[in-house]
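# Remarks on the overall topology
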Amino acid sequence: QVQLVESGGGLVQPGGSLRLSCAASGSIFRIYSMGWYRRAPGKQRELVAKITSSSSTNYKDSVKGRFTISSDNAKNTWYLQMNDLKPEDTAIYYCNAYLTVVLGSPYDYWGRGTQVTVSS
């Protein structure tokens, strides 16, 4: 019913930049929040950044000032601009949306993930 598809991952040198995109499609009625999570090798998944439908944002402390989340609500698409990337940012990045489908209850949906590798 609902698909989230990420794009934009890849290999970048320390100090470089990447922009991730996530597009949601399907029988979406309302999106309450959109976010990005990541899972580094051997670690649990963690929240990186989130934006609500009212454009309120919150960020993991270690990415504040370097990462920016934004959204295009008309296109059900959101982005994560990542600047000054560090090796510790290496992880699989997953997009997330908390939304309702037509005649449904709010639910968390996830993309399949995109690999971000920061290495020289």
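Everything that follows concerns the structure shown earlier in this document.
All figures in this text were calculated on a predicted structure; none of them were measured in a lab. (Residues numbered from 1 in each chain as written. Predicted model: local features only at pLDDT ≥ 70, side-chain atom pairs only at ≥ 80, totals over all residues. Heavy atoms only, no water.)

Side chains that differ in sign of charge can pair as their charged atoms come close. A complete count under the given rule lists 6 salt bridges for this structure. A salt bridge links E46 to R38, with the shortest nitrogen-to-oxygen separation between them at 2.8 Å. Residues D61 and K64 are paired through a salt bridge, measuring 3.0 Å at the closest nitrogen-oxygen approach. We classify D61 as exposed; its relative accessible area is 61%. Owing to a relative accessible area of 49%, K64 belongs among the partly exposed residues under this scheme. One continuous salt-bridge network, built from bridges that share partners, spans R38, E46, K60, R66 and D89. (Salt bridge = Lys/Arg side-chain N within 4 Å of Asp/Glu carboxyl O. Buried < 20%, exposed > 50% of the residue type's maximum accessible area, 1.4 Å probe, protein only.)

Our focus in this paragraph is the side chain of S33. Note on placement: S33 falls in strand β4 (residues 28-39). Those residues in contact with S33 that sit more than four places away from it in its chain are K50, I51, T52, N96, A97 and Y98. (Helix = DSSP H or I, 4+ residues; strand = E, 2+ residues; numbered from the N terminus. Contact = heavy atoms within 4.5 Å.)

What follows is about the sheet that holds strand β8 (residues 77-82). Strand order in the open sheet made by the 4 strands is β1-β3-β8-β7, with antiparallel pairing throughout. Each edge of the open sheet is held by one strand with a lone partner, namely β1 (2-7) and β7 (67-72). Each strand axis lies, on average, 15° off the axis of its neighbour in the sheet, ignoring direction. (Pairing = 2+ DSSP bridges. Axes fitted to C-alpha atoms, helices over the stretch in contact; angles between N-to-C directions.)

Moving on: the nonpolar core. One finds L4, W36, W78, L80, M82 and Y93 to be the most contacted residues of the largest nonpolar core, which totals 32 residues. Elements with a minimum of two residues in this core: β1, β3 (18-26), β4, β5 (46-52), β7, β8, β9 (91-101) and β11 (114-118). Counting residues per element, this core draws most heavily on β9, at 6 residues. Residues in contact with L4, not counting those within four places in the same chain, are C22, A23, A24, W78, C95, N96, A97, Y109, W110, G111 and R112. (Core = buried A, V, L, I, M, F, W, Y, C linked by side-chain atoms within 4.5 Å.)

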